[in-house]
Amino acid sequence: MEHNSAGETPLTLYYSPKACSLASYIALEESGLDYSAVPIDIRAGANRTPRYLAINPSGGLPTLRVGETCVSESQAILIHAADQALAHHLIPPPGSLARARAHEWMNFISSPVHPAFRSIFRPQLSAGDDPVVIEAVRAQAMVKLGDVLLEINRRLGDAPFALGGFSVVDAYLFVFYLWSFDARIRTALPAGAAYAALAERVWQRPDVRKVVAGDRAARAYDLALEFLIGAEDLP
Ligand SMILES: N[C@@H](CCC(=O)N[C@@H](CS)C(=O)NCC(=O)O)C(=O)O
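Below you will find a few notes about this structure. Predicted model, so just to flag it, every value in this text is computed and none were measured.

## What to know about the packing of helix H3 (residues 74-83) against helix H4 (residues 97-121)
Logical step 1: Direction vectors running N to C along H3 and H4 enclose 150°, while the axes themselves pass 10 Å from each other. In this structure, H3 meets H4 at a crossing whose hand is right-handed. Here Gln75, Leu78, Ile79 and Asp83 of H3 lie close against H4, whose contacting residues are Arg99, His103, Met106 and Asn107.
Logical step 2: Residue composition of the contact of H3 with H4, by class: three nonpolar, three polar and two charged.

This is how it looks when you write it as structure tokens:
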């Protein structure tokens with residue numbers, strides 16, 4: 001296993017701007033671990049090049065290179081980053097009920113939250129090419145998304161963060177809050193007060209702003225109007 005000058009296994013995150021990989025990017029920055037981040041822009045097709053497919057044969061993002069091997073799936077990367085930096089309290093300790101709660105949240109975010117967005121942004125993945133079916137899939141996904149956003153609000157209740165204190169779960173939730181302001185859905189779906197308050201708290205974190213600036217350096221996507229307030233330092 002290779003090591004850097006501090007004796008740590010080198011970590012490289014492959015991410016795409018505004019993709020779900022933003023959660024892993026935030027988790028790595030918050031962990032204080034030494035890592036590098038490499039943009040692989042999905043919109044430019046960079047995830048379908050032989051170079052990237054050699055790293056992750058599915059072409060999916062995020063991927064974390066850990067020394068000579070690679071880990072995919074957001075939840076796995078979030079857990080790994082948090083577990084490598086226990087002093088930062090980004091995830092509860094293994095064996096605790098709170099740890100199970102963290103997995104409960106992350107599984108819920110991975111599915112059904114993420115697929116509801118996917119079916120709106122890329123309905124063809126389920127619908128094929130028929131325009132009528134595409135519209136039906138998108139319409140049903142909007143209903144589903146409304147339900148899951150309400151469920152996020154219900155689960156958060158009055159808690160400042162999903163698990164009480166900031167954790168990788170909040171980084172994961174933050175990404176989908178950003179997505180909920182996408183022009184294709186923002187007028188139809190209010191994300192809800194508890195979710196908005198959580199996203200605002202996450203956004204107050206300097207590491208999060210730094211990472212969003214890094215994410216947007218690869219492609220300067222729009223942020224939700226709320227997030228533009230006080231975001232003058234962004235590129
Ligand atoms: N379950 C996976 C989903 C990953 C995923 O859907 N990533 C999207 C970006 S948000 C992607 O890579 N899309 C490009 C593709 O699949 O070709 C995870 O959570 O990491």
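## Observations concerning the site of the ligand
Logical step 1: As a structural note, the neighbourhood of the ligand is formed by 15 residues, with Arg48, Leu61, Glu73, Ser74 and Arg118 the closest of them.
Logical step 2: Arg48 is positioned with one of its side-chain polar atoms (N or O) 2.7 Å from an oxygen atom of the ligand.
Logical step 3: Contact between the ligand and Ser74: an oxygen atom at 2.8 Å from a main-chain N or O atom of the residue.
Logical step 4: Across the complex, the protein chains shield 82% of the 500 Å² of accessible surface that the ligand would expose by itself.
Logical step 5: The set of elements that each furnish at least two residues to the shell around the ligand consists of H4 and helix H7 (168-179).
Logical step 6: Of the residues contributing to the shell around the ligand, the split by class is seven nonpolar, four polar and four charged.

What counts, and at which threshold
- Residues numbered from 1 in each chain as written.
- Predicted model: local features only at pLDDT ≥ 70, side-chain atom pairs only at ≥ 80, totals over all residues.
- Heavy atoms only, no water.
- Axes fitted to C-alpha atoms, helices over the stretch in contact; angles between N-to-C directions.
- Helix = DSSP H or I, 4+ residues; strand = E, 2+ residues; numbered from the N terminus.
- Left-handed = near helix turned anticlockwise from the far one by under 90°.
- Contact = heavy atoms within 4.5 Å.
- Nonpolar A, V, L, I, M, F, W, Y, C, P; charged D, E, K, R; others polar.
- Near = heavy atom within 4 Å.
- Polar contact = N/O pair within 3.5 Å; in protein donor to acceptor, adjacent residues only side chain to side chain.
- Areas by Shrake-Rupley, 256 points an atom, 1.4 Å probe, with all protein chains shown as cover.

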